[in-house]
Amino acid sequence: MVGGGAQTDNIVHRMAMEDKVPWHRKRNLRYLYFMLFPCLMGIEMTSGFDSQIINAVQIVPAWSNFFGHPTGGYKGILASALPLGAVIGLPFIPLLNDNLGRRWCVMFGSVTMVIGSLIQGFAVNGPMYIVSRLIIGFGLPYAIVAGSSLIGELAYPKERAILTSLFNAAYFIGAIVASAVTYGTQQIPSDWSWRVPSLLQMSPSLLQVALIFFLPESPRFLISKERYEEAFRVLVTYHAEGNEDSEFAKAEMAEIKTTIAIELEHSKRSWMDMINSPGNRRRVLIGSLLGVMSQLSGNVVISYYLGDILNLIGFTDPSFQAKYNIGNQCLGLVCAISTALLVMKFKRRTMFLGSISAILIIYVAWTISSAEAIVGGSKAAGRLCLFWIYAYQPAYNVGFNALTYTYLVEIFPYAMRARGISIFQFFGKAAQFFGTNVNPVGLDPVNGIGWKYLIVYCCWIAVEAFLMWYLWPETSGHTLEELAFLFEDADRAHAATEAVEEQIHSKGVVKHHEEANISETTSKDQV
C-alpha cells in the first residue's frame, strides 16, 4: 500500500539539480524569494499569533475578568471559534482560487482577517469576541490554501521543498510576537492588556494586502487559463533570469503545459474529482488524515492550554508561565527553520515516521512524569515535565511543521491542489475545533480526568504512526508535474512523460538529456 506511481527520468528535474548557480546569485530569483516572506510566509504568522493570543491572554487577569472567568465549554468556544469559522469558509475556496487566481484569493482572506481582528480588539462582550474570531477563521484558509500553492508553483524546483517547508515555520514568528506582546501588556491595568495584542493580530494580513500584487501570478494558473505568453514570461523572468532562449524555461513550460492539459482532460474541476478514482481517493484520505494528525498529535494541548498543563504540575505563577511559553515558541522557531533547511537531505517518509515515533516516545514519558508529579508529589518529575514539553518541539517540527505543505503540494496535482489543500484545512480545523473544546474539559482535574487525559493522546499517536507507515508514499526527488500521476497506473504516468519529452524535442529545446546544462542559460543577468 505504501507505493506510489511509476518512476520516470525527468528532464526538468535533472536540469534544475545540475544548475550550479545558487539562488542568491540570481537577481530576479533573489527578489522573488525575499518577497515571498512578507507576501506569503507571513500568512502562517496569523495562525501562530492566534494560538498564543488565546494561550497567553488566559494568563492575563483582565481578560479573564472581562469574560467572566470562562471555564469548560465557554472557554473552549472562545478559542475554537476561529477553526469553526475556517470550516464554514472552506467549501468556497476553490471557486475563488481557481477562477481569479492565487493572489486574489490571498487578498480576500487577508482583508477578511483585518476586519475580524478589528472587531476582536474592540469586542464589548463574549458573543462579539466569538463572532470576530469566526470572521478571522473564515478568512485564514483562503490565504493559507492560495499562499501555500503559490509558493510551490513559483519556486525554482531546486528550492521548492525548502520554501514550502519554511511556510509553516512562520507560525512561530507570530507565536513569539504574540507571547512577548501579551507578556508586556500584562502590566497594563485595564482591558487594553488583551485588546492591544488582539488588534495586532491584523499585522501580517496588512502586509499581505499591501504587497501581494508585487508577486507574479502562478504560471500554472496562467497556463490553465491559456494565458501562455504571461506564464512563459514569469518562468523566463524568475527561473531563467530574463533569458528568453533558456533551455530550462522552455523545457519547464513544455512540461507544465503538457501535464496540465493531460490533467484537465481527466478532470471536471469539481469536488467529485476528489473521489472519482482510487488514486484520488487515496490522496483525499492522506490529506484528511494529515489534517487531523497536524492538530491531534498533542500540539493543541501545548499551544492553547499550556497554562492548564503547568497548573496541573504545580507551576502556577503567571510570570513564569509567560516566560516559559516565550521560550517554547523561540525553540519552535529554531527547530522549524532548521528542519526546513534540511528537508532536501532526507526522504519524506523517513522524516514523517521519525517525527511521529519521537512524539509517541515523548508523550509516553511526559505522561509518566505527570503521574509522578501529581500523584506522587515529585518536584523532580514536575521539572522533567517541563523538559518533555520543550522536547516535543523538535519532534513535531521534523514532520508536521517542515513537511505538511511540502507534501500536500506534491501529492495533489494542479487541477486538484486547491480542493486538496482545502480538504486538509477542513479536517485540520475540525480537529482543532474538537481539540480546543475537548482539551480543557479533559484536562480539568475536577470535572475531567486531569493528567490521565494524556494517555488518550498516547494511544491515538500510536494509531497515527501505523497509518503513516501504511499509507504515506515517498515523493522526494521529483517535479510537481512528475508527481501529478503518483497514484495513477504506470501507463498514464509514462504517457505523460513521453508526451512531455516529445513536446520538448519537437521544439528543439534539448537535443540530448545528458547534455542539458542549465548553468549556461541561467547565469546571465546575475549580480
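Residues numbered from 1 in each chain as written. Predicted model: local features only at pLDDT ≥ 70, side-chain atom pairs only at ≥ 80, totals over all residues. Heavy atoms only, no water.

Caption draft 1: How the structure looks around the nonpolar core. Within the largest apolar cluster, 147 residues are counted, with the highest numbers of intra-cluster contacts made by Leu40, Tyr129, Tyr363, Trp366 and Trp472. Looking at this core, the element that brings in the most residues is helix α19 (residues 379–411), giving 17 residues. Beyond its immediate chain neighbours, meaning those up to four positions away, tyrosine 363 contacts Ser297, Gly298, Val301, Tyr392, Leu454, Tyr457, Cys458 and Ile461. (Core = buried A, V, L, I, M, F, W, Y, C linked by side-chain atoms within 4.5 Å. Buried < 20%, exposed > 50% of the residue type's maximum accessible area, 1.4 Å probe, protein only. Helix = DSSP H or I, 4+ residues; strand = E, 2+ residues; numbered from the N terminus. Contact = heavy atoms within 4.5 Å.)

Caption draft 2: Structural detail: the state of the cysteines. Following the criterion strictly, the structure yields zero disulfides and no others. No disulfide involves cysteine 459; its sulfur sits 6.7 Å from that of cysteine 458, the nearest cysteine. (Disulfide = S-S within 2.5 Å.)

Caption draft 3: Structural detail: the confidence of the model for the protein. Of all residues in the protein, 90% have pLDDT values of 70 or greater, and the mean over the chain is 84. Taken element by element, the protein is modelled with least confidence in helix α23 (residues 519–522), mean pLDDT 44, and with most confidence in helix α7 (residues 102–121), mean pLDDT 95. Across residues 512–527 the pLDDT falls below 50, and counting only partners more than four positions away or on other chains, this stretch makes 37 contacts in the model. (pLDDT = per-residue confidence, 0-100.)

Caption draft 4: Region of the structure containing the packing of helix α5 (residues 72–89) against helix α8 (residues 126–154). Where α5 contacts α8, the two axes come as close as 6 Å, and the packing angle between them is 35°. Read as a crossing pair, α5 and α8 show a hand that is right-handed. Taken together, the residues of α8 that come into contact with α5 (itself represented by Tyr74, Ile77, Leu78, Ala79, Ala81, Leu82, Leu84, Gly85, Ala86, Ile88 and Gly89) are Gly126, Tyr129, Ile130, Arg133, Leu134, Ile136, Gly137, Phe138, Leu140, Pro141 and Tyr142. Here the contact of α5 with α8 is built from residues that sort into 17 nonpolar, four polar and one charged. (Axes fitted to C-alpha atoms, helices over the stretch in contact; angles between N-to-C directions. Left-handed = near helix turned anticlockwise from the far one by under 90°. Nonpolar A, V, L, I, M, F, W, Y, C, P; charged D, E, K, R; others polar.)

Caption draft 5: How the structure looks around the packing of aromatic side chains. Scanning all chains against the criterion turns up 35 aromatic pairs. Ring centres of phenylalanine 315 and phenylalanine 320 lie 5.3 Å apart, and the angle between their planes is 25°; this geometry places the pair in the stacked category. Residue phenylalanine 320 is classed as partly exposed on the basis of its relative accessible area of 30%. Consider the rings of tyrosine 392 and tyrosine 396, whose centres lie 5.7 Å apart with planes at 20°: the pair is stacked. Placement of the pair is tyrosine 392 and tyrosine 396 together in helix α19, with a separation of four residues, close to one helical turn. Grouped by ring-pair contacts, the aromatic residues Phe352, Tyr363, Trp366, Tyr392, Tyr396, Phe400, Tyr407, Tyr453, Tyr457 and Trp472 constitute a single cluster. One Lys or Arg, lysine 257, reaches over the ring of tyrosine 228 and ends 4.2 Å from the middle of that ring. (Phe/Tyr/Trp six-rings, centres within 6.5 Å; stacked < 30°, edge-to-face > 60°. Lys NZ or Arg CZ within 6 Å of the ring centre and 35° of its normal.)

Caption draft 6: View of unusual backbone geometry. With a phi angle near 50°, histidine 69 is a residue other than glycine that sits in the positive phi range. Residue position: histidine 69 is located in the loop between α4 (61–66) and α5. Taking relative accessible area as the criterion, histidine 69 reaches 49% and is therefore assigned partly exposed. Although it is not a glycine, glutamate 226 sits at a positive phi angle of roughly 60°. Tracing the chain through its elements places glutamate 226 in the loop between α12 (219–224) and α13 (228–239).

Caption draft 7: Quick peek at the pattern of salt bridges. Throughout the structure, instances matching the rule amount to ten salt bridges. Here arginine 160 and glutamate 410 are joined by a salt bridge, their closest N and O atoms 3.1 Å apart. Here arginine 160, found in helix α9 (residues 160–185), pairs with glutamate 410, found in helix α19; they are 250 residues apart in sequence, far enough to count as distant. Residues joined by salt bridges that share partners form a network here, namely Asp98, Arg102, Glu153, Arg417 and Arg419. (Salt bridge = Lys/Arg side-chain N within 4 Å of Asp/Glu carboxyl O.)

Caption draft 8: Quick peek at the packing of helix α2 (residues 27–41) against α9. Running from N to C, α2 and α9 cross one another at 45°; their axes reach a closest spacing of 10 Å. One way to sum up the angle between α2 and α9 is to call them oblique. Regarding α2 and α9, the two cross each other, and that crossing is right-handed. Between α2, through Tyr33, Leu36, Phe37, Leu40 and Met41, and α9, the contact on the second element is made entirely by Leu163, Leu166, Phe167 and Ala170. Here the residues of the contact of α2 with α9 are counted per class, giving nine nonpolar, no polar and no charged. (Parallel < 35°, antiparallel > 145°, perpendicular 65-115°, else oblique.)

Caption draft 9: Summary view of helix α11 (residues 203–211). Looking at α11, one finds that the buried residues are Pro204, Ser205 and Gln208. Across the axial projection of α11, the buried residues extend over an arc of 100°, all falling on one side. (Arc of directions from axis to C-beta.)

Caption draft 10: Representation of the side chain of serine 165 within the structure. Residue placement: serine 165 occurs in helix α9. A relative accessible area of 0% means that serine 165 is categorised as buried. Within the structure, the side chain of serine 165 is placed 2.7 Å from the backbone oxygen of alanine 161, a separation counted as a polar contact. Those residues in contact with serine 165 that sit more than four places away from it in its chain are Ala340, Val343, Asn401, Ala402 and Thr406. (Polar contact = N/O pair within 3.5 Å; in protein donor to acceptor, adjacent residues only side chain to side chain.)

Caption draft 11: Representation of the side chain of serine 294. Looking at the element boundaries, serine 294 is found in helix α15 (residues 278–295). Here serine 294 falls in the buried class, since its relative accessible area comes to 5%. A distance of 2.8 Å separates the side chain of serine 294 from the backbone oxygen of glycine 291, its partner in a polar contact. Among residues more than four places away in sequence, those in contact with serine 294 are Asn299, Tyr396, Phe400 and Phe424.

Caption draft 12: Focus on α8. The first and last C-alpha atoms of α8 sit 42 Å apart over 29 residues, in line with the 42 Å expected at 1.5 Å per residue. Of all 29 residues in α8, 23 are buried, a share of seventy percent or more. The distance from a side-chain oxygen at the start of α8 to the backbone nitrogen of methionine 128 is 2.9 Å, and the residue carrying that oxygen is asparagine 125. (Expected span 1.5 Å × (residues − 1).)

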